[in-house]
Amino acid sequence: MEPEIVRVICIGGAAVDRKYRAMEPIQPGTSNPVSSGRSFGGVARNVGENIARLGAGAALISIVGNDENGHAMLDDLKRLGIGTNGMAISERQATAEYVAVLQPDGELALGLANMAVFDELTPALLRRSEAEFASSWLFADCNLPSETLHALVDLARGRSLMLAVDAVSTPKVTRLPRDLTGIGLFFLNLDEARAFLEAPDTAPDAAARALLAQGAERIVLTLGANGLLVADRTGIARIGATQARIVDATGAGDSLIAATLVAMLRGRPLDEAARLGTVAAALTVESPSSVRPDLSLALLETLLPLRAGPVREREPS
Ligand SMILES: Nc1ncnc2c1ncn2[C@@H]1O[C@H](COP(=O)(O)OP(=O)(O)OP(=O)(O)O)[C@@H](O)[C@H]1O
Ligand SMILES: O=c1[nH]cc([C@@H]2O[C@H](CO)[C@@H](O)[C@H]2O)c(=O)[nH]1
C-alpha cells in the first residue's frame with residue numbers, strides 16, 4: 001500500500017517583510033506618517049508556516065542570503081518545525097525583502113519586492129531534494145524562475161505528483177508554461193488569471209474555464225472580499241468570503257492555500273477544503289501578522305459553521 005501523504009514540500013519565496021501602515025490615506029509625492037513592523041514572509045514560507053500551524057508536516061525549499069536576516073529566518077524555520085534540508089544559502093545575493101505600504105484600512109497601496117536571490121533557485125537546486133518528492137505533496141510559488149517552474153511542472157506531469165501552484169503576482173504568473181498539465185491545483189486571483197490568459201476583460205467563470213482548458217486539473221480563483229471560485233472537470237462553484245474586519249490583508253491568500261491543502265490532505269473535497277480556507281483567510285486579514293500565530297485546525301473547524309460563507313450551486317465547467 002502507498003504510504004499516506006502527510007507532508008507538503010513548499011518551494012519558492014522566503015523573504016523579510018517590512019510593512020508600513022499609513023495613519024491617513026496615502027498621498028503620493030510627500031512624506032506619510034506610518035506605523036511599521038518587520039516579520040518573515042515569502043509566499044512559500046508563509047504557506048509552510050500556516051501548514052505547520054495547522055498540524056501537518058511542512059518543509060521549505062528556498063534560498064536566503066548569508067546575512068543576519070537569512071540566518072534569523074533559518075533559525076525561525078527550525079523553531080516552527082519546518083524542514084530545512086532543502087534550504088540554500090547564497091554567497092552572492094542578500095535575503096529577499098518585501099516592502100508593503102498599506103492604506104489605513106489595511107489594503108495594499110504599494111508592494112515592492114527585492115528578490116534577485118531567487119534567480120539562484122535553479123532546476124539543479126531542486127534536484128537535490130527530488131528523492132523526497134514521491135512521498136509528499138508539492139506546493140510551488142511563481143517566485144521561482146521560469147526555467148525552474150517549467151522543470152517542476154514537467155516533473156509533476158511525468159511522475160504524477162500532486163503539485164499546487166500559486167501565481168504570486170501579475171508579473172510573476174507569466175513565468176508558468178502555457179501548458180498547465182501537471183498542475184493539480186492552481187491558486188490565483190482574477191488579475192493574475194487575466195494576466196496569464198492575456199485577456200484583460202475576462203469574467204471569473206470564463207477565466208476558470210480557460211485555465212482548465214489549458215490543462216490545470218483544479219482552480220481556486222480568489223476574488224478578495226467577494227470570496228472565490230473553485231473549478232474542476234465536474235463544474236464551478238462559488239464560495240462567498242467570510243465577513244472580516246480587515247486589519248492587514250497581507251497573507252490572506254497564503255493562509256487560504258495552506259488550509260485548503262491541509263483539508264484536502266485529510267480527504268476533504270476541493271469545495272469544502274476551500275471553504276475552510278476562506279475562514280483561515282478571514283482570520284489572517286483580521287490580524288496584523290501575515291501568518292496568525294494562533295492558527296490551528298481546531299480553531300478553523302470551530303469557526304467554520306459560525307463564519308464561513310455560502311457555497312453556490314455547482315455549474316458545469
Ligand atoms: N476583505 C476581505 N474580507 C474577507 N476575506 C477576504 C478579504 N480579502 C481577502 N479575503 C479572503 O482571502 C482570499 C484571497 O484574497 P485575494 O483574492 O485578495 O488574494 P490575493 O490577492 O492572492 O491575496 P494576498 O496577496 O493578500 O495574499 C479571498 O478569496 C477571501 O477568501
Ligand atoms: O513578489 C513577491 N511579492 C510578495 C511576496 C510575499 O507575499 C506575502 C503575502 O502574500 C508576503 O509575505 C511577501 O513576502 C512574495 O513572495 N513575492
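Everything here concerns the structure above.
Our subject in this report is the structure included herewith. All of these numbers come straight from a predicted model, not from anything done at the bench.

Thoughts on the site of ligand 2
Lining the immediate environment of ligand 2, one finds 14 residues, of which Asp17, Gly42, Asn143, Lys172 and Asp254 sit closest. At a separation of 2.8 Å, an oxygen atom of ligand 2 approaches a polar side-chain atom of lysine 172. Interatomic distance of 2.8 Å between a side-chain N/O atom of aspartate 254 and an oxygen atom of ligand 2. Taking 400 Å² as the accessible area of ligand 2 by itself, protein coverage stands at 88%. Taken together, the residues that form the shell around ligand 2 break down as 5 nonpolar, 6 polar and 3 charged.

Concerning the packing of aromatic side chains
With the rule as written, the count across this model stands at 1 aromatic pair. Relative to phenylalanine 196, the ring of phenylalanine 186 has its centre 6.3 Å away and its plane inclined at 85°; by these criteria the two rings are edge-to-face. Residue phenylalanine 186 is found in strand S11 (residues 185-189), and its partner phenylalanine 196 is found in helix H6 (residues 190-197); the two are separated by 10 residues along the sequence. The burial state of phenylalanine 186 is the same as that of phenylalanine 196; both residues are buried. We note arginine 178 situated over the ring of phenylalanine 196; from NZ or CZ to the ring centre the distance is 4.3 Å.

Rules and cut-offs
- Residues numbered from 1 in each chain as written.
- Chains lettered and ligands numbered in written order.
- Predicted model: local features only at pLDDT ≥ 70, side-chain atom pairs only at ≥ 80, totals over all residues.
- Heavy atoms only, no water.
- Near = heavy atom within 4 Å.
- Polar contact = N/O pair within 3.5 Å; in protein donor to acceptor, adjacent residues only side chain to side chain.
- Areas by Shrake-Rupley, 256 points an atom, 1.4 Å probe, with all protein chains shown as cover.
- Nonpolar A, V, L, I, M, F, W, Y, C, P; charged D, E, K, R; others polar.
- Phe/Tyr/Trp six-rings, centres within 6.5 Å; stacked < 30°, edge-to-face > 60°.
- Helix = DSSP H or I, 4+ residues; strand = E, 2+ residues; numbered from the N terminus.
- Buried < 20%, exposed > 50% of the residue type's maximum accessible area, 1.4 Å probe, protein only.
- Lys NZ or Arg CZ within 6 Å of the ring centre and 35° of its normal.

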